[in-house]
Amino acid sequence: MTARQTLPIPRLSLWLTHAGMLAEQVLRAFWPFFSIFMVILAALMLGLQDHVRVEMVWGVGVAALIALLVALIWGIRRFHLPKRAEALMRLDESLPGRPIQALMDDQAIGAMDADSVALWRAHQTRMAKRAAQAEPVKPDLRLADRDPYALRYSALLALVIAGLFGSFWRIGSVAEMAPGAAVAGQGPSWEGWVEPPRYTGLPTLYLADQSGPILSVPQGSRITLRFYGEVGAHNLTETTSPLGAEGATDPEQDFVADRSGQIVIGGPLGREWALNVLPDMSPQIAVTGRAEAEAGGQMKLPFAAQDDYGIVSGTAVIALDLLSVDRRYGLTAQPEPREVIEVELPMPITGDRADFTEDLIEDFSEHPWAHLPVEITLMARDAADQQSQSEPFMTSLPARRFFDPLAAAVIEQRRDLLWTRENGPRVAQLLRAVSHLPEGFFRSDTAYLRLRVTLRRLEMFNEYGLKPEQQAEIAQALWDLAILIEEGTLADALERMRRAQERLSEAMKNGATDEEIAELMQELREATQDYMRQLQRLAQENGEFDENQPGQNGESMQMTQDDLQRMMDRIQELMEQGRMAEAQQALEEFQQMMENMRVTQGQGQGQQSEGQQAMEGLAETLREQQGLSDQAFRDLQEQFNPGAQSGESQGNEGRNGGQGRGQSHEGQGGQGQGSDQAGEGQQGEGSLADRQRALRDELGRQQQNLPGSGTPEGEAARDALGRAGRAMDEAEQALRGDDLAEAIDRQSEAMEALREGMRSLGEALAQNQQNQPGQGSQEGDMQANNRDPLGRSPGANGSISTDDNLLQGEDVYRRARELLDEIRRRTGETDRPEIELEYLKRLLERF
C-alpha cells in the first residue's frame, strides 16, 4: 500500500502547500525577469519613446531585450519544480511529532509480538488523527536576501504609475519607428507640433490637423518637425524664427516663433501656412479707489490688474511727495533722505489672475511719512517677465489716528524727530513744556514718568550729537508713550483680562486645585470689572454713549455687570463640580462675548422692573440652595472618608454658596447675607441647618412680593415656590437629624421646584407685558435686539444665559446614560460605606 493511498492528509492542505512551494521557486528564480519586464512595459506605456530620437529608442530596446533574455535563462537554470514528497515533508515539519513520517514508517522490531503490534497500531492511529488536522503551510515569499535594494518594488511602482497616467496603446508607436516602416507603409511623410509657452495654458497643436491657411500662435511657441523616409524628400522653409531656414532637410527640426511669417514644407505631402504670431501684451495695473485707514490704522488701497495670460507678482512703491508737504513747524527743515517704501502686492490664491481686483492692506502708522503726502506707484510683472506700472497716485499716507490731544502731540513730536535729527532740541523743548505741569494732562503716573525718562535721554543725546540709532530709540519710546496715553489703562485692563482667561483655561486642562481655581476666578472677576470701567470711561470721553442708539443686533449687545457676574459664577460652579469640558466651553463663550460686546449706559439695577427684581431674587435663592446642597454633599463625603476632604472643603465653602455670596458672588444682592454667615460654614451640620432656615425665610419673603397674582401662570409659580418651601423645611429637619443623604434629596426637590416657579413666573411676566399696550412692543423690540454674541436670546430671568437647550438630540441622552452607568458602577462596589450605598440606590430608584 503506497503512501498516496494510505496517508489521511487533507488534499486541499497538501495542494495549497505544494502551490506555495511552486510560487516560492518562481519568485526566487524569475524576479529579475519580472522586474526588467515591468520597467520596459512602464516606459512604453508612458510614451517615453516619443520624446527621444529613434536611434536611442532602438538602442535602449536592444539592450533591454538582451537583459530580459539573460534574466530568463538565469531563472530557468535556478528554477526547481517541487515534488509531492517535498510538499509532504514541509507539511510534516509543521505538525508536532512528525505524524506523516510516522505513518510512512514500518515496525522494525516486535512484529511477532501481539502486544507490540497493538501498541504500534495505536501509535499509527494517533498519528493519523494528527495528520488529518494538518493545515496548509504558508509559503516564504520574502526576497530581501536576494534583492536587498528592493528593485522589484521600484519596477512595480513604475508599472502602477504607467497604468494610472499612461496608456497601453502607446506601445504600438514603437512599430512606427522601425527602419523603413514609413517608406514601406506610405512613402515619405512628416509630422509636426506647435507647443505654446507653458504659462499661457494653451494646448499643443498637431500641424497635420491644421487645415486653414493662417495659423495663429502665441509669441515664443516652439515648432517641432520630423521628416520620415528618404533624406531630402521633404524640406523646410520658414521666416518666423530669428535666423530663419531655407530648404532645410534635416530629419528633425525645431525653432521658436518670434515674429509673423511663412512656414513651407516642401515634398510629396508638403503644406504651407501663414504664421500669425500673437504678441504677449504687457500687464495693466491701476488704483481703483482712494486710500483709507481701517480701524486698526492699516492702509487699505484697492487696485485692479489684468494681463492676457495672468500676472505673476506686483509691487507698490511709496515715495514722499515733498512738494505737497506743508512745510511748517517741525517740517520746515530739510528732511533726511529715506528710501522709498516697497511692499509686495497681494495676489489671488485661487482663481484667474488674468483679471482681478484686490486690496493692499499695510500698516504704516509708525513710518515717518504717516499722514504726509505721498506718491504711490503700482507695478505688475507677468510670466514673460514684462513689467508695467500705474499712473502715480497722490494721497496722504493713511495711518492710525490719535484722538487724545496729549497722545497726538507726542506723535507729532515723534514725526518731527524722524523728519530730521536737527529737530532734536526743538522736540526736547516742546516735550519739556508739555510735562511742566502734568496735573490734568496725564491720567497715568506711568505715562508721565516715561515721558520724563525719554526727555532726559533725548536731551543727553542732543548734547553729544543725536545718532541714527539713538533717533530710532527715542522714536520708539515716543510711540509706546503715545499708545499708553491714547489707550490709557484700557490696554492694561484688556491684557490683564485675557491673561486671566488664559491662566484659567490652563488650570482647567492641568487639573488645578480648588484653591487655585478660586484665586484665578477672583483674578478674572477683578480684571473684567476693571476692563468694563475703562470701556465706559473711554465711551463717555469720546461721546459714544447713547442710550437710544439703534442698530443693536446679534453682533452687539447691552449687558450689565450682573450678567457678566452670573456667567463667571456658572463657570466656577462647573469647575467645582468637575465638569471641566462644560466649563471650558462656557469660558470660550465668555471670551467671545467680551470681544463682541458693546457697553451701554443705564442698564443697572436701578432700572429693573418689579418682575425682573423678583426673577433675580429667585435666581439668587436658587444659587444659594445649590451651594448648600454642594456643602452637604461634601460633608457626606467627609463621613465616608474622614480627613480626605478637609482641606478641600475649606477651599470650597467660600466659593459656591456654602458661606453665602461673600467671596464668589460679590455685588449680586447676596453679599451681606453671605458675610453674616461666613463664620458659620465650618461648624458642622447645625450651621447648615441654620442657613437652610434663613434661606427658607428669604423665600417666604419673596413669595409675599411675588408679582403676577390672579393669573394662572402666577398661581402656578406660587404653588411651585410653596413646594420648594416645604422641601426646604424637610431638608432643614434632615440636617438637624444628621441625615445628610435625606437632606440632599430634599434640597434637590427644592431646587427643581424653584426652577419650575421661575419658569412659571417668566411666563406670567411675558403675558403681562403682552396685555399692556405699547410696553409689550417695546419689550419685544428690546428682546429682539438684546442677543448675545452667539445669537441667543436672554433667559427668562433677565440674565445673559439662555433658556434654550444648548445640547439637544442624542448628546443629552448620552450624558444621562453615562451618569446612570457611573451610579450603577458605584452601587456595585460593596466596599463603600452602607450609607453611601443606600443614597446611590435611592438615586437609581428616582431616576
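What you are looking at is a predicted structure, and each value in this text was computed from that prediction instead of being measured.

Caption draft 1: Inspection of the packing of aromatic side chains at higher detail. Evaluated as defined, the whole model comprises eight aromatic pairs. Ring geometry for Phe30 and Phe34: centres 6.4 Å apart, planes at 40°, overall tilted. Residue Phe30 and its partner Phe34 are both found in helix 2 (residues 11-46); the two are separated by four residues, about one turn of the helix. Look at Phe30 and you get buried, because its relative accessible area is 13%. For Phe34, a relative accessible area of 35% corresponds to the partly exposed category. Note on Tyr199 and Tyr309: the rings are 6.0 Å apart at their centroids and 70° apart in plane angle, and the pair reads as edge-to-face. Note that Tyr199 is positioned in the loop between strand 1 (189-195) and strand 2 (205-206) and Tyr309 in the loop between strand 12 (299-306) and strand 13 (311-320), a separation of 110 residues in sequence.

Caption draft 2: How the structure looks around the confidence of the model for the protein. With 79% of its residues at a pLDDT of 70 or more, the protein shows a mean pLDDT of 78. At the level of individual helices and strands, the protein shows its lowest average pLDDT in helix 19 (residues 671-676), which scores 36, and its highest in strand 16 (residues 373-382), which scores 95. A low-confidence stretch, residues 1-5 (pLDDT under 50), is modelled with three contacts involving residues beyond four sequence positions or located in other chains. With pLDDT under 50 throughout, residues 773-810 is counted as low confidence; its partners more than four residues away or in other chains account for 53 contacts.

Caption draft 3: Broad picture of the environment of Asp514. Mapped onto the secondary structure, Asp514 falls in helix 14 (residues 514-541). Of the residues examined, Asp514 reaches a relative accessible area of 13% and is grouped as buried. Through-space distance from the C-alpha of Asp514 to that of Glu576 is 7.0 Å; in sequence the pair is 62 residues apart.

Caption draft 4: Structural detail: helix 10 (residues 424-434). Of all the positions in helix 10, only Gly424, Val427, Ala428 and Leu431 are classed as buried. Mapping the buried residues of helix 10 onto a view down its axis gives an arc of 100°, with all of them on the same face. Turned more than 90 degrees away from the buried face of helix 10 sit Pro425, Gln429 and Ala433, all of them exposed.

Caption draft 5: Molecular detail of the pairing of strand 9 (residues 271-278). In this structure, strand 3 (residues 214-218) lies alongside strand 9, joined through five bridges in parallel fashion. By the bridge assignment, Ser216 is partnered in strand 9 with Asn276. Two strands pair when backbone bridges link them, and strand 8 (residues 261-266) and strand 9 are joined in this way by five bridges, in the antiparallel orientation. Within the sheet, the bridge partner assigned to Ile263 lies in strand 9 and is Trp273. Connecting the antiparallel pair strand 8 and strand 9 is a turn made up of four residues, with Gly267 showing a positive phi of about 140°.

Cut-offs and rules
Every chain is numbered independently, its residues counted from 1 as its sequence is written. Given that the model is predicted, a residue must reach a pLDDT of at least 70 before its local features are reported, and side-chain atom pairs must reach 80 or more before they are shown or counted; all residues, however, enter totals for whole chains, interfaces and linings. Neither water nor hydrogens contribute to the side-chain values; these are computed over all heavy atoms in the structure. Pairing of aromatic rings covers Phe, Tyr and Trp, the last counted by its six-membered ring, and requires centre-to-centre distances within 6.5 Å; plane angles under 30 degrees mean stacked, over 60 mean edge-to-face, and any other angle means tilted. To qualify as a helix, a DSSP run of H or I must reach at least 4 residues; to qualify as a strand, a run of E must reach at least 2; elements of each kind are numbered from the N terminus. Categorising residues by exposure relies on relative accessible area from a 1.4 Å probe, with only protein chains included: less than 20% of the type maximum marks a residue as buried, more than 50% marks it as exposed, and the intermediate range marks it as partly exposed. Each residue gets a pLDDT score, which is the predictor's confidence in that residue and runs from 0 to 100. Residue contacts are counted whenever heavy atoms from the two residues lie within 4.5 Å of one another. The directions from the helix axis to the C-beta atoms are what the arc is built from. Strand pairing is assigned whenever DSSP detects at least two bridges linking the two strands.

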